[in-house]
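A structural walkthrough
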Amino acid sequence: MSEAVTNPVPAAPLPDAAQVREEMLKIYPPKTRKKRQKQLLLNDPDTPPEIAANTRTVPGIITQRGCTYAGCRGVVMGPIYDLLQITHGPIGCGFYAWLSRRNLSRPTDGRPNFMQYSMSTDMQEDQIIFGGEKKLKQAILEAYDIFKPKAIAILSTCPVGLIGDDVHAVAREMKEKLGINVMAFSCEGYKGVSQSAGHHIANNGVFKNIIGLDDTPDPGEFTVNILGEYNIGGDAWAIDSLLQKCGIHVVATLSGDVNYDQVTRCHTAMLNMVMCHRSINYIAEMMEVKYGIPWIKANFIGAAATTKTLRKIAKYFDSKKLTDRIEEVIAAEMAAVRPVQEEISSRTRGKKAALFVGGSRAHHYQDLFRDIGMEIVSAGYEFAHRDDYEGRRVLPTIKVDADSRNIEELHVEADPARYRPRKTPEQIEALKAGGFTFKDYEGMMVEMKRNTLVIDDISHHEMEQLIRIYKPDIIGSGIKDKFVIEKMGVPCKQLHSYDYSGPYAAYEGAINFYREVDRMLSSKVWSYVVPPWEKEPQLVATLVHPGMTAAAKKAENKSFSRQRPAAEEGM
Ligand code: CFM
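Residues numbered from 1 in each chain as written. Predicted model: local features only at pLDDT ≥ 70, side-chain atom pairs only at ≥ 80, totals over all residues. Heavy atoms only, no water.

A few words on the overall build of the chain. Helix and strand counts for the chain come out as 23 helices and 14 strands. Taking the principal axes of its C-alpha atoms as reference, the chain extends roughly 80 × 70 × 45 Å. The 571 residues of the chain split such that 54% are buried. Considering only contacts within the chain whose residues lie at least 6 apart along the sequence, 76% involve residues at least 24 apart. Working note: accessible area of the chain is about 25,500 Å², and carbon and sulfur atoms make up 55% of it. The averaged location of the 72 negative side-chain charges in the chain is 3 Å from the averaged location of its 72 positive side-chain charges. (Helix = DSSP H or I, 4+ residues; strand = E, 2+ residues; numbered from the N terminus. Buried < 20%, exposed > 50% of the residue type's maximum accessible area, 1.4 Å probe, protein only. Contact = heavy atoms within 4.5 Å. Areas by Shrake-Rupley, 256 points an atom, 1.4 Å probe, with all protein chains shown as cover. Lys, Arg positive; Asp, Glu negative; His and termini not counted. Charge placed at Lys NZ, Arg CZ, Asp CG, Glu CD.)

Before going further, it helps to spend a moment on the pairing of strand β7 (residues 248-254). Most of β7 is tucked away: six of the seven residues are buried. Note: strand β6 (residues 222-227) against β7, six bridges, orientation parallel. Pairing of Thr223 across the sheet is with His249, part of β7. Handedness of the crossover joining β6 and β7 through helix α10 (residues 235-246) is recorded here as right-handed. (Pairing = 2+ DSSP bridges. Right-handed = clockwise from strand over helix to strand, strands pointing away.)

Attention now moves to the pairing of β6. Each regular strand carries side chains that alternate between the two faces of the sheet. With six of its six residues buried, β6 lies for the most part within the structure. Going residue by residue along β6, you find Phe222, Val224 and Ile226 tucked away on one face and Thr223, Asn225 and Leu227 tucked away on the opposite face as well. In this sheet, strand β8 (residues 271-274) lies alongside β6 in parallel orientation, the contact comprising four bridges. From the neighbouring strand, Val224 faces β8, where its bridge partner is Leu271.

The next point concerns the nonpolar core. In terms of nonpolar packing, the biggest core is built from 114 residues, with Leu243, Phe300 and Leu310 touching the most fellow members. Counting 22 residues, the second largest nonpolar core, distinct from the first, contains Val58, Val377, Ile455 and Tyr470. (Core = buried A, V, L, I, M, F, W, Y, C linked by side-chain atoms within 4.5 Å.)

With parallel pairing, four strands are arranged side by side in an open sheet as β3-β2-β4-β5. Among the strands making up the open sheet, the edge pair consists of β3 (119-120) and β5 (181-185). Bridging between strand β4 (residues 151-156) and β5 involves five bridges; their strand directions are parallel. Counterpart to Leu155 in the pairing with β5 is Phe185. Packed onto the sheet, helix α8 (residues 167-178) meets β2 (84-88), β4 and β5 and runs at close to 175 degrees relative to β5. (Axes fitted to C-alpha atoms, helices over the stretch in contact; angles between N-to-C directions.)

This part covers the environment of Ala362. Mapping Ala362 onto the fold places it in helix α15 (residues 361-371). With 17 residues separating them in the primary sequence, Ala362 and Ala379 have C-alpha atoms 6.3 Å apart. Residues in contact with Ala362, not counting those within four places in the same chain, are Leu355, Val357, Ala379, Gly380, Tyr381 and Met444.

The next subject is the packing of α10 against helix α21 (residues 506-522). Between α10 and α21, the shortest axis-to-axis distance is 7 Å and the interhelical angle comes to 135 degrees. Compared by their axis directions, α10 and α21 come out oblique. Two secondary-structure elements touch here, α10 through Ala238, Ile239, Ser241 and Leu242 and α21 through Ala506, Tyr507 and Glu508. (Parallel < 35°, antiparallel > 145°, perpendicular 65-115°, else oblique.)

Our focus in this paragraph is the packing of aromatic side chains. All told, the structure shown has 17 aromatic pairs when counted by the stated rule. Taken together, a centroid distance of 5.3 Å and an interplanar angle of 80 degrees make the contact between Phe114 and Phe147 edge-to-face. Remark: Phe147 occurs in helix α6 (residues 133-147) and Phe114 occurs in the loop between α4 (91-95) and β3; sequence separation between them is 33 residues. The class for Phe147 is partly exposed, based on a relative accessible area of 24%. Seen in terms of ring centroids, Tyr381 and Tyr389 are 4.7 Å apart; in terms of plane orientation they differ by 65 degrees. Their pairing is edge-to-face. Through successive ring pairs, a cluster of aromatic residues spans Phe222, Tyr316, Phe317, Phe436 and Phe438. A cation over an aromatic ring shows up here: Arg106 above the ring of Trp237, its NZ or CZ 3.8 Å from the ring centre. One Lys or Arg, Lys312, reaches over the ring of Phe436 and ends 5.4 Å from the middle of that ring. (Phe/Tyr/Trp six-rings, centres within 6.5 Å; stacked < 30°, edge-to-face > 60°. Lys NZ or Arg CZ within 6 Å of the ring centre and 35° of its normal.)

A few words now on the confidence of the model for the chain. Averaged over all residues, the pLDDT of the chain equals 92, while 93% of them reach at least 70. Here residues 1-8 scores under 50 on pLDDT; set against residues more than four positions off or in separate chains, the count is twelve contacts. Contacts for the low-pLDDT stretch residues 559-571, under 50 throughout, to residues beyond four places or in other chains number 13 contacts. (pLDDT = per-residue confidence, 0-100.)

The next thing to look at is the environment of Cys93. With respect to the helices and strands, the residue Cys93 is situated in helix α4. Exposure remark for Cys93: the relative accessible area of 28% places this residue in the partly exposed category. Along the backbone, Cys93 and Arg418 are 325 residues apart, and their C-alpha atoms lie at a distance of 39 Å. When residues no more than four places from it in sequence are discounted, the contact partners of Cys93 are Tyr69, Thr87 and Thr157.

All right, on to a positive patch on the surface then. On the surface, Lys31, Lys34, Lys38 and Lys399 cluster together into a positively charged patch. In this structure, Lys399 sits in the loop between α16 (386-390) and α17 (402-405). For Lys399, a relative accessible area of 73% corresponds to the exposed category. (Patch = residues over 30% accessible without salt bridge, like charges linked within 9 Å, V, L, I, M, F, W, Y side chains within 5 Å. Salt bridge = Lys/Arg side-chain N within 4 Å of Asp/Glu carboxyl O.)

On to the pattern of salt bridges. Pairs can form between side chains of opposite charge whenever their charged atoms are close. Under the definition given, this model contains 39 salt bridges. Residues Glu221 and Lys321 are paired through a salt bridge, measuring 2.6 Å at the closest nitrogen-oxygen approach. Highlighted residues: Glu221 in the loop between α9 (195-209) and β6 and Lys321 in helix α14 (residues 320-348), separated in sequence by 100 residues. Grouping residues by exposure puts Glu221 and Lys321 together as exposed. In this structure, Glu375 engages Lys449 in a salt bridge whose closest nitrogen and oxygen atoms are separated by 3.6 Å. Of this pair, Glu375 sits in strand β11 (residues 375-380) while Lys449 sits in the loop between α18 (425-433) and β12 (453-455), and the two are 74 residues apart along the sequence. Glu375 gets classed as partly exposed once you look at its relative accessible area, which sits at 23%. The network of salt bridges with common partners includes Asp82, Asp109, Arg111, Lys150 and Asp261.

As structure tokens, then:
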């Protein structure tokens, strides 16, 4: 760790964001430019400009996005650890669902942990040509014989939809035959423009097939579900233990270290708290309509954000006992957090961060950087929708395009027997009159500075320009660009798996994060990095057609030269 710098040199003014934007866009051919310029905006926190989000990535652009199957199988379904999940498709997709992330689980009461397995039907040419339903049934029977699970989920990959296997019919047949819950998800990778479509498909499936199967009430006095929390690096555990200290009981965390039974009875909770709005707002909405559980936006990433969220819970339950307890917990936790913040801010204040992550973290992690005085020079999501940028107020104005129409919208009604409003209309009015807001996600842009560059689905080219011009001190991003960023001499904090660190949620996690950022910013190693392209010869491709004239060859070779700087050549 470096020596403390008590008076850091005042930061130089940031380059003009409009020029940076132009620099990023100028390389693109007109059609691509026209599309990308709607996804690269200068922020206005008062009236966030309309961003073109949740649209197809231009082919050829190197995106950080994943596929629909990844969003369904890997993100939302994967962490339900004792739900046996079979990937129906070629083995590659199944392999990537095998413990490839850090959402941790600690099974209780002797339950099995299927997250340590990768189950797949391993489709071969035969099944692609003659159909894969038979092999899928065999796989389900085999898995049942070995593991005797409570429930089985079938997750479809691209070829399944292309050849037309009816996975839902197979699920119905197997459900009847085995007498357990068997459900299927048509989450083929191509179903949407990103993993976001997979979240929606998973939400629909969990809502239709699991939530509400067991009405046993939870014994807790103040009960909540945490929705959109995936226990990466133990975040859900940090949140759970904080809430326990306050006397709040989590019925289920969807989906982080959660078992099937917890999901079956999560409709008994008093409140739904939404962490990642992008991936799970559908379930929150549907549970409100069907069971009468209100939802609020929560954020346990960052100490200030955690305090705000805890106070919001206190307001909701409106119990003196709970409020006093929450205030005691906040005071005790902040007594540990403050000295670390102060010590670390002396080195990090004014340093610059940029964040390009998923559909919620690029927003939430801004709070953690701000806690230690850092500035966000640019941020964007990979696959979020307009409401995650501009706030839910724009929902009625979002155009539903053909890609979104692909995903089923469930028609939900109040359950005649189990709809139970958690608050009376008078209580709701009183809360609202006191400034309390339900379903209140305001999005990322209102919290970012004016004229900060907001970039949706950032490309590698734009990332390179961003680093070259802004010279951020750290970038929070993902594995697809991590090593490019580091080769350019900038530390990159991987915010999908945390690079096997964490937890970063709640107060305990905030301290971990401050220390990690401090360590990364203080390390000298980045200044020693010489990227390979600066010391090794460049690859030069030569394209030759038979019968080409010498002049044509020369012209062709020139246009295919990979010599840098390509951008300046107007490629
Ligand atoms: Fe929600 Fe996520 Fe995220 Fe996400 Fe993801 Fe993830 Fe993410 Mo990686 S559900 S949107 S699809 S918080 S896997 S646990 S880290 S991109 S910001």
